[in-house]
Amino acid sequence: MLEIRDLHVSVEGRAILNGLDLSVGLGEIHAVMGPNGSGKSTLSYILSGREGYAVDRGEALYDGRDLLALEPEERAAAGVFLAFQYPVEIPGVGTMTFLRTALNALRRGRGEDELDAMQFLRVVREKARALGIGEDMLKRALNVGFSGGEKKRNEMLQLALLEPRLAILDETDSGLDIDALKVVAEGVNALRSPDRAMLIITHYQRLLDHIVPDRVHVLAKGRILRSGGSELARELEARGYTDILSEAA
Amino acid sequence: MTTRVESSGVESWREAFESIRAALPGERDVAFEAFAARGFPTNRVEAWKYTSLRPLARQRFRPAEPDRDAVVPFLNAGPRIVLVNGFLREDLTTVPVGRWAGPDNRAGVEDEALVALNAAMAGDGYVLTIAEIRDEPIEIVHATVPSPTGPVAQSRNRIVIASGGTARVIERHIALGKGAYFVNGVTEVEVQAGGQLHHTKLQEEGADAHHLWFMPVQLDRDAVLESAVFTFGARLSRNQIEADIFGEGATLALNGAYAIAGRQLADHTSRIEHRAPGATSRQVYKGAIGGQARGVFQGHIIVAEGAQKTDGQQLNRALLLSGRAEIDAKPVLEIYADDVQCSHGATAGDIDGDALFYLRSRGIPANSARGLLVRAFLSEILDETPEDALRRAVEDRIDAFLEVGA
Ligand SMILES: Nc1ncnc2c1ncn2[C@@H]1O[C@H](COP(=O)(O)OP(=O)(O)O)[C@@H](O)[C@H]1O
Ligand SMILES: [Mg+2]
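Here goes a summary of the coordinates provided.

Procedures and definitions
Once a new chain begins, its residue numbering starts again from 1 and follows that chain's sequence as written. Throughout, the order in which chains and ligands are written sets their labels, letters from A for the former and numbers from 1 for the latter. Residues qualify for local features only when their pLDDT is at least 70, as the model is predicted, and side-chain atom pairs are given and counted only at 80 or more; totals for whole chains, interfaces and linings, by contrast, use all residues. Side-chain measures were taken over the full set of non-hydrogen atoms in the model, leaving aside hydrogen atoms and water. Criterion used throughout: strands pair if DSSP finds at least two bridges between them. For the purposes of this entry, the term helix denotes a DSSP run of H or I that reaches at least four residues, the term strand denotes a run of E that reaches at least two, and both are numbered from the N terminus. Throughout, a contact is declared for two residues whenever any of their heavy atoms are within 4.5 Å. Axis definition: a line fit to C-alpha positions, over the contact stretch in the case of helices; interaxial angles, taken between N-to-C directions, run 0 to 180 degrees. When two components associate, each loses some accessible surface as probed by a 1.4 Å sphere; the sum of these losses over both components is called the buried area. Here a salt bridge means any side-chain nitrogen of Lys or Arg lying within 4 Å of a carboxyl oxygen belonging to Asp or Glu. We call a residue near a molecule or strand whenever a single non-hydrogen atom of that residue lies within 4 Å of it. Only the protein chains shown count as cover for residues, and the accessible areas themselves come from Shrake-Rupley with a 1.4 Å probe. Only protein atoms enter the 1 Å grid, on which a cavity is a set of points fitting a 1.4 Å probe that cannot get out and a pocket is an open set with protein on both sides within 12 Å along at least 5 of 7 lines, lining residues being those with an atom within 4 Å of a point. Grid points are joined across faces, edges and corners, and a volume is the space filled by probe spheres set on the points. Any residue that is not Ala, Val, Leu, Ile, Met, Phe, Trp, Tyr, Cys, Pro, Asp, Glu, Lys or Arg is counted as polar, Gly included; the first ten are nonpolar and the last four charged. Each Phe, Tyr or Trp ring, with Trp reduced to its six-membered ring, pairs with another whose centre is within 6.5 Å; inter-plane angles below 30 degrees give stacked pairs, above 60 give edge-to-face pairs, and intermediate values give tilted ones. Remark: exposure states derive from per-residue accessible area (1.4 Å probe, protein chains only) relative to the maximum for the residue type, with buried under 20%, exposed over 50%, and partly exposed in between. To sit over a ring, a charge needs its Lys NZ or Arg CZ within 6 Å of the ring centre and within 35 degrees of the ring normal.

Residues and elements named next belong to chain B. Pairing within the open sheet is mixed, and its 10 strands lie in the order E3-E2-E6-E9-E11-E13-E15-E17-E19-E21. With one partner strand each, in any of the chains shown, strand E3 (87-88) and strand E21 (341-349) form the two edges of the open sheet. With 5 bridges joining them, strand E2 (residues 80-84) and strand E6 (residues 138-144) adopt parallel strand pairing. From the neighbouring strand, Val84 faces E6, where its bridge partner is Ala143. Taken strand by strand, helix H6 (residues 366-382) contacts strand E13 (224-231), strand E15 (251-260), strand E17 (280-289) and strand E19 (311-320), and its axis lies near 155° from that of E17. Relative to strand E11 (residues 196-204), helix H7 (residues 388-404) is tilted by about 30°, and along the sheet it contacts strand E9 (166-175), E11, E13, E15 and E17.

Encoded structure:
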C-alpha cells in the first residue's frame with residue numbers, strides 16, 4: 001500500500017534523505033530503526049505532509065496515488081496517521097473539542113454521519129479507559145501541561161479513535177516507563193488488522209519485544225542500509241549501529 | 001467679530017454645535033472652544049500617532065436626533081438601560097438612572113479634543129449609581145440609527161459604585177441598520193472605597209461606523225474594576241481608558257480581545273496612573289488581525305513617587321493572519337517609585353505552523369484548523385466572562401470574522 005522509491009529530501013538546502021526505498025504491504029507492520037539524526041522523523045513528516053521539506057527526487061505512492069502531492073488533511077482523510085515524536089501543545093483548544101472535530105472531519109470525508117456530543121463521549125470514554133487515560137486529562141487543553149507519557153497516550157487515543165489505514169508511530173516508546181510502554185503496545189496490537197499497515201519508528205528495540213514487526217529496516221545516512229526480519233532488531237540491540245554503518249561505508 | 005484660524009473640519013462642527021446649542025443644558029462654550037483650539041488630532045499628536053482622524057475630520061456629520069420608535073434587540077432578559085442615538089430611551093430602560101446635566105469640566109476636557117467635543121455637544125447620558133450588591137448583570141445598550149446625513153451620536157455617561165456596592169455591567173454598542181455614522185461617547189467610572197465593578201464592553205458597531213469611546217476611571221482604596229472590551233465592529237474605533245488609581249490597594253484589570261479584517265482599524269489605548277501604594281493593574285490585550293486591517297495598542301503605566309509596592313503588568317499579543325495585517329504597539333512604563341513590580345510584553349506573529357500542521361494531520365481542513373487556533377487565541381479573554389449570552393454573542397462574532405477575515 002505504501003511504495004517509497006528513491007526518495008531524496010532536503011531541509012533548507014541540506015540533504016537529509018538520500019535515495020530511500022521502502023515498501024509496506026497492507027496488514028504488515030514494519031519497523032524503522034536508526035541512530036539519532038538519521039532522518040527518521042523527517043521520513044514521518046514527509047509522509048504526513050509537513051511544510052518545509054523539499055522533495056528533490058523520487059516518489060511515495062499510497063494505494064498507487066501520489067501521496068506527496070496531497071495536503072496534510074487529504075492524507076489524513078485517505079487514512080494516513082502520524083503519532084508525533086513531539087506532540088504539539090495547543091493552549092485554548094480543549095482536548096475533547098479537538099478529538100471530536102478531527103473524528104467528525106474524517107467521518108464526513110468517508111460519507112458517514114457525524115457523531116453528536118453524547119455518542120462521541122461514549123466512544124472516547126471507552127477508548128480512553130483502555131489506554132489508562134483519565135477524564136481530567138480529556139478536560140485539559142490539548143497536550144498542555146501533559147507529561148511526556150500522557151502526550152504519547154493521547155497520540156495512541158487519537159490512533160484508536162481515527163482508525164487510520166497507515167499508522168506511522170514516531171518514537172512513541174521514548175519517554176515511557178515500562179508499564180506505559182506495555183499499555184501502548186497493547187493498544188497498538190489491538191489495532192493490528194489485515195486492513196491496516198503500520199510503520200513503527202524507534203531508536204530502541206524494547207518496543208519491538210511487545211509489537212513484533214514483520215520487517216525491520218535500518219535507516220542511516222538517509223537511506224535504508226539493511227532490511228530483515230524481526231531478529232534484526234535484536235541483533236541491532238546487541239551490536240549497535242556501528243557495524244552496519246561501517247559495512248555501508 | 002473675531003476671525004479664527006481653524007484647523008480642518010472645525011468649521012462644520014461649529015455649525016453643528018450652534019444648531020443645537022440652545023437646546024443643550026449647562027455651559028458648553030468653554031468645552032467647544034477647547035475642541036476648536038485643537039481640532040481633530042492627526043498623527044502629529046503623540047497620543048494619536050498611529051490613529052489619524054484626518055479622514056473623519058473631512059466628513060460632515062449632523063447631530064443625531066432622538067429616535068423614539070427604533071426597535072432594540074437585547075442580549076438578556078434582565079435589567080437594562082437603553083440609549084438610541086445617544087439619548088436615553090426611558091420606555092426601554094428598567095433600571096433607575098439619573099441623567100447627565102451638562103459638563104462640569106471633568107474627564108480630560110483640557111487634554112483631549114474629542115472629549116471636549118463630547119462635553120460641548122452631548123445631549124444626554126445615564127448616571128448609574130450602585131450602593132448595594134447586585135448579582136444580575138445590567139445590560140446597557142448604545143444603539144445608533146445610521147442615516148444618509150451621517151449622524152453623530154454623543155452621549156456622556158457615568159457609573160458610580162459606592163462603598164460596599166458591587167455590580168456587573170455589560171455595555172453593548174450596536175447599529176440599527178446599515179450606513180455611516182459616528183459615535184463619540186464617554187463613560188466615566190468611579191469606584192469608591194471597597195466597591196467592585198465588573199464591566200464588559202461589546203463593540204459591534206456597523207461596518208461604516210467610526211467609534212471613539214473614552215472611559216476615565218477613578219479607583220479609591222481597595223476598589224476593584226475589571227473591564228473587558230471585545231472589539232469587532234466599526235471601520236475605525238478607539239477604546240481609550242484613563243485610570244486614576246488614587247486609593248491604596250485598589251485592583252484594576254483591563255482586558256481586550258478584538259478580531260478585525262478588511263480595512264478596519266482598532267485602537268486600544270490605556271493610561272494607568274498609580275498614585276497610591278499597593279495597587280495592582282493587569283492588562284491583557286489580544287487581537288486577531290486579517291486582511292489589511294490594523295491594530296493599535298498603546299499602554300502607558302505611570303507609577304508616581306510614593307506609590308510603593310505597585311504591581312503593574314501589561315501584555316499585548318497580536319495574531320497577524322495576512323501578510324498585509326499590521327499591529328502598532330507602544331508600551332510605556334514611567335516609574336518614579338523604587339519598590340515596584342512592573343512589566344510589559346508584546347508578541348506579534350502568524351499562526352503557529354506546528355499547531356496548524358498537527359490539527360491538519362488529524363484531518364481537520366486548513367480553514368477550520370485556523371479557526372480553531374484563532375478562537376483558542378482569543379479564548380483566554382473570553383473565558384473570564386461569566387455571562388453565557390454575552391459569551392455566545394462574542395463567539396458568534398468570532399465565527400463571522402473567521403468567515404471573512406482569517
Ligand atoms: N527543520 C529542520 N531544519 C534543519 N535541520 C533539520 C530540520 N529537521 C531536521 N533537521 C536535521 O535533519 C537530520 C535528521 O533529523 P530527524 O529526521 O529529526 O532525525 P531522527 O528523527 O532520525 O533523529 C538531523 O541532522 C536534523 O538536525
Ligand atoms: Mg526523530
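Now that the structure has been shown, we can carry on.
Looking now at the interface of chain B and chain A. Contacts between chain B and chain A engage 16 residues on the former and 31 residues on the latter. Across the interface of chain B and chain A, roughly 1900 Å² is buried in total on both sides, 67% from carbon and sulfur atoms. By the criterion of area lost to chain A, the three top residues of chain B are Phe357, Tyr358 and Arg362 of chain B, representing 43% of everything that side buries. Taken together, the connections running from chain B to chain A amount to 4 salt bridges.

Residue and element names in this part refer to chain A. Near ligand 1 the following residues occur: Val11, Arg14, Ile16, Pro35, Asn36, Gly37, Ser38, Gly39, Lys40, Ser41 and Thr42. In isolation ligand 1 has 560 Å² of accessible area, and contact with the protein removes 66% of it. Residue assignment for the shell around ligand 1 shows that the elements contributing at least two residues are strand E2 (14-24) and helix H1 (40-48). Sort the elements by how many residues they give to the shell around ligand 1 and H1 lands first, with 3 residues.

All names here are of chain B. Tallied over the entire structure, the rule returns 4 cavities of 30 Å³ or more. Empty space within the largest cavity amounts to approximately 90 Å³. Taken together, Trp48, Glu112, Leu114, Val115, Asn184, Gly185, Val186, Leu212, Trp213, Phe214, Arg238 and Gln240 make up the lining of the largest cavity. Of all the secondary structure elements, the ones that give two or more residues to the lining of the largest cavity are helix H4 (113-121), strand E10 (181-191), strand E12 (209-219) and strand E14 (236-245). Residues that form the lining of the largest cavity fall into these classes: 7 nonpolar, 3 polar and 2 charged. Put simply, the second largest cavity is a space of about 70 Å³. Every residue lining the second largest cavity is counted, 14 residues in all, and those nearest its centre are His142, Ala153, Ser155, Val183 and Trp213.

All names here are of chain B. A complete count under the given rule lists 14 aromatic pairs over all chains for this structure. Judged by centre distance (5.9 Å) and plane angle (45°), the rings of Trp13 and Phe40 are tilted. On the criterion of sequence distance, the pair formed by Trp13 in helix H1 (residues 10-20) and Phe40 in the loop between helix H2 (29-38) and helix H3 (54-58) is long-range, its members being 27 residues apart. For the residue pair Trp13 and Phe40, the accessibility class agrees, reading buried in each case. Ring plane angle 50° and centroid distance 5.2 Å describe the contact between Phe61 and Phe182, whose orientation is recorded as tilted. Separated by 121 residues along the polypeptide, Phe61 in the loop between H3 and strand E1 (62-63) and Phe182 in strand E10 bring together distant segments of the chain. Grouping residues by exposure puts Phe61 and Phe182 together as buried. One aromatic cluster in this structure is built from Trp13, Phe17, Phe32, Phe35, Phe40, Phe61 and Phe182. Between the NZ or CZ atom of Arg80 and the centre of the ring of Phe74, over which it lies, the distance is 3.6 Å. Directly above the aromatic system of Phe377 lies the positively charged group of Lys286, at a separation of 4.7 Å from the ring centroid.

Functional significance is not addressed by these values, which are geometric in nature.
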